[in-house]
Amino acid sequence: KYAYDPLFLTALIVTESSFYNWAESDHGALGLMQIRPGTGIVLASETQMRWEGIPSLYNPGVNIALGAYYLSKLVSRYGDLGLALEAYNYGPTKLDGYLRSGHRPQVYSKRVLALYNDLRTQAI
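Residues numbered from 1 in each chain as written. Predicted model: local features only at pLDDT ≥ 70, side-chain atom pairs only at ≥ 80, totals over all residues. Heavy atoms only, no water.

Caption draft 1: Expanded view of the packing of helix H3 (residues 60-78) against helix H4 (residues 81-90). Two elements in contact, H3 and H4, have axes separated by 8 Å at closest approach and are oriented at 125°. It follows that H3 is oblique to H4 by the angle criterion. Crossing angle aside, the handedness with which H3 passes H4 is right-handed. Contact with H3, carried on its side by Gly 67, Tyr 70, Leu 71, Leu 74, Val 75 and Tyr 78, involves Leu 81, Leu 83, Ala 84, Leu 85, Ala 87 and Tyr 88 of H4 and no other residues of that element. Residue composition of the contact of H3 with H4, grouped by class: eleven nonpolar, one polar and no charged. (Axes fitted to C-alpha atoms, helices over the stretch in contact; angles between N-to-C directions. Helix = DSSP H or I, 4+ residues; strand = E, 2+ residues; numbered from the N terminus. Parallel < 35°, antiparallel > 145°, perpendicular 65-115°, else oblique. Left-handed = near helix turned anticlockwise from the far one by under 90°. Contact = heavy atoms within 4.5 Å. Nonpolar A, V, L, I, M, F, W, Y, C, P; charged D, E, K, R; others polar.)

Caption draft 2: Here's a closer look at the packing of aromatic side chains. Counted by the stated rule, this structure contains six aromatic pairs. Note on Tyr 2 and Tyr 69: the rings are 6.0 Å apart at their centroids and 50° apart in plane angle, and the pair reads as tilted. Placement of the pair is Tyr 2 in the segment before helix H1 (6-17) and Tyr 69 in helix H3, with a sequence separation of 67 residues. Among the residues examined, Tyr 2 registers a relative accessible area of 26% and is labelled partly exposed. Consider the rings of Phe 8 and Tyr 116, whose centres lie 5.5 Å apart with planes at 80°: the pair is edge-to-face. (Phe/Tyr/Trp six-rings, centres within 6.5 Å; stacked < 30°, edge-to-face > 60°. Buried < 20%, exposed > 50% of the residue type's maximum accessible area, 1.4 Å probe, protein only.)

Here is the structure:
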């Protein structure tokens, strides 16, 4: 739907949760793509996806659909996949603060993109 290579989403999921569906971060992010409940509510509303509370984020189909949509929003906002990935990791507010101070984080985006490249190489 958002034209992402499934291997790219796989790299993002592996980076976020190591494919552990019940993953929970120290910051309250849940599921495969590590989405916070507050963000999930907003994303579900925007996509007209049925929201059934926190259990929705443990549903792989819902979690991946919301995560892919969220990343597409971030790509539209920042106009750059690397920045969008950093915003996905840090949150847009924190990333904006970094950018205002002249710092452009790259560690997370490089990790995801390197894994994606590895997955593509293995798939050939």
